[in-house]
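# Fold and contact review
The chain contents come next:
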Amino acid sequence: MTLITDIRLRRILDSRGNPTVEADVVTESGGFGRAAAPSGASTGEYEAVERPPSEAIAAAREHAVPRLVGEVYAGNQRDVDAALHAADGTDDFSEIGANSAVAISMAAAKAGADVLGAPLFQHLGGTFRGNNFPIPLGNVVGGGEHAADATDIQEFLAAPVGAPSVEDAVFANAAVHAAVSDLLSERGVPCGKGDEGAWAPSIDDGDAFEIVDEAVSMVEDEVGFEIKFGLDVAGAELYDADSGTYEYSDQSRDTDEQIAYIADLVEEYDLVYVEDPLDEDDYDAFADLTDEVGDQTLICGDDLFVTNTDRLVEGIDRDAANSILIKPNQIGTLSDAFDAIELATENGYDSVVSHRSGETEDATIAHLAVATDAPYIKTGAVGGERTAKLNELIRIADDAT
Ligand SMILES: O=C(O)[C@@H](CO)OP(=O)(O)O
Ligand SMILES: [Mg+2]
C-alpha cells in the first residue's frame, strides 16, 4: 500500500529567489506527496546542515533514494526518517543535506496521508487531534538579517491571543500589518518589506515599539478581542563574542544590560512572546531572564535549541526558557521535530511551530502545528508563501483539506 516506489528530487525557487529542494514521493498504490525545504537567513550555529541544493539532491539520490524506494513504507514515518538518518550517516545531515532530508521526510508524510485519504494533520496526529488551533504570530515590522537598514530587532510579531477562531486571528494579524503601514505613512516614513513580508522601515527600535503598540491597540478596538505583541530579537545576530556585548545601532549592551533591557520591554509593552533575547550559547543568561519574567511572557529558544532534543534537555535542566521554536529543517526530519515537541510538552514548554525567512508554498507546518496541538505557529502575516500556511490553517478548521 504505502511502499515507496519512486522519489524525484528537483531544484525549485524559494521566496528569496534562491534554489531549494523539492521532493516527490510516490507509493505502490499511487499515493503521492510533494514537499519543499525552506531556508533560513539568521540560522543558528547548531542547526542541521543545509547543502547547496544541487549537491544535496545528488547526495540524496546516491545515498537516500536506494534505501527508501522498494524498502520503506511512506505510512511509517519513523521508518522513513530512520532510513534518512542511516543514509546520511552523520549527526547533522551534512552528507545528504538537511534540505534534501526534510523535503523527503515531509513528502513521504503527505504520500502516506494521501493513501489513507486523510488530511495530513490527521495522519500525523491521529484521529483525536485537530480540535485546537495554534495562535498565529504575525511578523508586522522587521529588520536584522531579514532587511537592510531597518530595525535592529529582527521581528515584531502581532499575537492575537484572544481571537475566537483561527480565521479571526489570521485576519487580525493582516489588519495589524495594514495599520502599521498607515501609521508609517502618517509619519512620512517610506518603506518596503523584508524577507518575511513584514514592513522594514528605516526607523529605530523605539519608534517601532510605539508604532506596533498603537497598531495593535487600533485593531484590538476594531475586532473586540485581545491582541498583544512579541519579538524575535535574534540575539545571536546582535551578539559580538569578542567584546561580549549586544551591538545595537545606537549603543552596546553587555549581557546584564541586555537582560534588563528585555525585562523592561516585557513590562512596558506587556509582551507575550520573546524569542532568542540572548546569544545562542548563553544558557545562563536565558535562565536569568526566564527567572525574572518567565511568569509573564514566553521566553522562546530558536537558535538556542535548534529543534534539537539534546539542546532542549540542557535547557530544561537549566531552566533556560519556557518555550521552543520548532523548525523541521533545523533538525532534518518530521520525527525529530515531533520528538522535540513531545519533550517540550512533557516539560511544560510551549511549542511554536515556525516558518523560515526563505519559504515556498509548502504548507506542511500548518498541519504539523495542528497535529501536535502546538499552542502557537509563527508564519508571517502576508505574502503568498506565508498565506499558504495561514490559509491552510483556515481550511483545516473548515474541514476542507
Ligand atoms: O529567526 C527566525 O525565527 C526565522 C524565521 O522567522 O528566521 P530565519 O529563517 O532567517 O532563521
Ligand atoms: Mg528566530
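Conventions and cut-offs
Residues numbered from 1 in each chain as written. Chains lettered and ligands numbered in written order. Predicted model: local features only at pLDDT ≥ 70, side-chain atom pairs only at ≥ 80, totals over all residues. Heavy atoms only, no water. Pairing = 2+ DSSP bridges. Helix = DSSP H or I, 4+ residues; strand = E, 2+ residues; numbered from the N terminus. Axes fitted to C-alpha atoms, helices over the stretch in contact; angles between N-to-C directions. Buried < 20%, exposed > 50% of the residue type's maximum accessible area, 1.4 Å probe, protein only. Parallel < 35°, antiparallel > 145°, perpendicular 65-115°, else oblique. Left-handed = near helix turned anticlockwise from the far one by under 90°. Contact = heavy atoms within 4.5 Å. Nonpolar A, V, L, I, M, F, W, Y, C, P; charged D, E, K, R; others polar. Donors = N, O, S within 2.8 Å, 3.2 Å for Na, K, Ca; no water. Core = buried A, V, L, I, M, F, W, Y, C linked by side-chain atoms within 4.5 Å. Domains from an automatic or database assignment. pLDDT = per-residue confidence, 0-100. Near = heavy atom within 4 Å. Polar contact = N/O pair within 3.5 Å; in protein donor to acceptor, adjacent residues only side chain to side chain. Areas by Shrake-Rupley, 256 points an atom, 1.4 Å probe, with all protein chains shown as cover.

### Notes on the sheet that holds strand β13 (residues 350-354)
Taken in spatial order, the eight strands line up as β4-β5-β6-β10-β11-β12-β13-β14 and close into a barrel, and their pairing is mixed. Ignoring which end each strand starts from, the neighbouring axes of this sheet average 30° apart. Pairing geometry for β13 and strand β14 (residues 376-378), over three bridges, is parallel. Across the sheet, Val 352 pairs through a bridge with Tyr 376, a residue of β14.

### Notes on unusual backbone geometry
Notably, Phe 93 is not glycine yet its phi reads approximately 55°, a positive angle. Position of Phe 93 relative to the elements: it lies in the loop between α3 (77-88) and α4 (98-116). Here Asp 319, not a glycine, exhibits a phi torsion of approximately 50°, which is positive. Among the secondary structure elements, Asp 319 is positioned in the loop between α11 (309-317) and β12 (323-326). By relative accessible area, which is 54% here, Asp 319 ends up exposed.

### A few points about the packing of helix α7 (residues 205-223) against helix α9 (residues 255-269)
Two elements in contact, α7 and α9, have axes separated by 12 Å at closest approach and are oriented at 25°. It follows from the interaxial angle that α7 and α9 lie roughly parallel. The two elements α7 and α9 cross, and the hand of that crossing is right-handed. Contacts between α7 and α9 involve Asp 205, Phe 209, Glu 210 and Asp 213 on the former and, on the latter, Tyr 261, Leu 265 and Tyr 269. Its residues assigned to classes, the contact of α7 with α9 shows four nonpolar, no polar and three charged.

### Re the coordination of the magnesium ion (ligand 2)
Distances from the magnesium ion (ligand 2) to its protein donors, Asp 232 (OD), Glu 275 (OE) and Asp 302 (OD), fall at 2.0 to 2.2 Å. Every donor residue of the magnesium ion (ligand 2) comes from the same chain, spaced as D-x42-E-x26-D. Separated by 70 residues along the polypeptide, Asp 232 in strand β6 (residues 228-232) and Asp 302 in the loop between β11 (298-301) and α11 bring together distant segments of the chain. Each member of the pair, Asp 232 as well as Asp 302, carries the same accessibility label: buried.

### Notes on the nonpolar core
Ranked by size, the top nonpolar core spans 112 residues in total, and within it Leu 68 and Phe 209 carry the most contacts. Here the element with the most residues in this core is α4; it accounts for eleven residues. Looking at which domains feed residues into this core, each of domain 1 (4-117) and domain 2 (135-397) supplies at least three. With sequence-adjacent residues up to four places away left out, Phe 209 is seen in contact with Ile 153, Phe 156, Phe 229, Leu 231, Tyr 261, Leu 265, Tyr 269 and Leu 271. Among the nonpolar cores identified, the runner-up in size contains eleven residues, and Ile 135, Leu 137, Ala 159 and Leu 325 belong to it.

### A closer look at the confidence of the model for the chain
For the chain, mean pLDDT is 98; residues scoring 70 or higher make up 100% of the total. When mean pLDDT is taken per element in the chain, strand β3 (residues 32-36) scores highest with 99 and helix α5 (residues 120-125) scores lowest with 97. Here the predicted complex scores 0.98 on pTM and 0.99 on ipTM.

### What to know about the site of ligand 1
Near ligand 1 there are 16 residues, and of these Ala 41, Glu 155, Glu 196, Ser 357 and Lys 378 occur at the shortest range. Taking His 146, its side chain carries an N or O atom lying 2.8 Å from an oxygen atom of ligand 1. Here an oxygen atom of ligand 1 and a side-chain polar atom of Glu 155 are 2.7 Å apart. Contact with the protein chains hides 99% of the accessible area of ligand 1, taken as 310 Å² for the molecule alone. Of the domains in this structure, domain 1 (4-117) and domain 2 (135-397) are the two that each give at least three residues to the shell around ligand 1.

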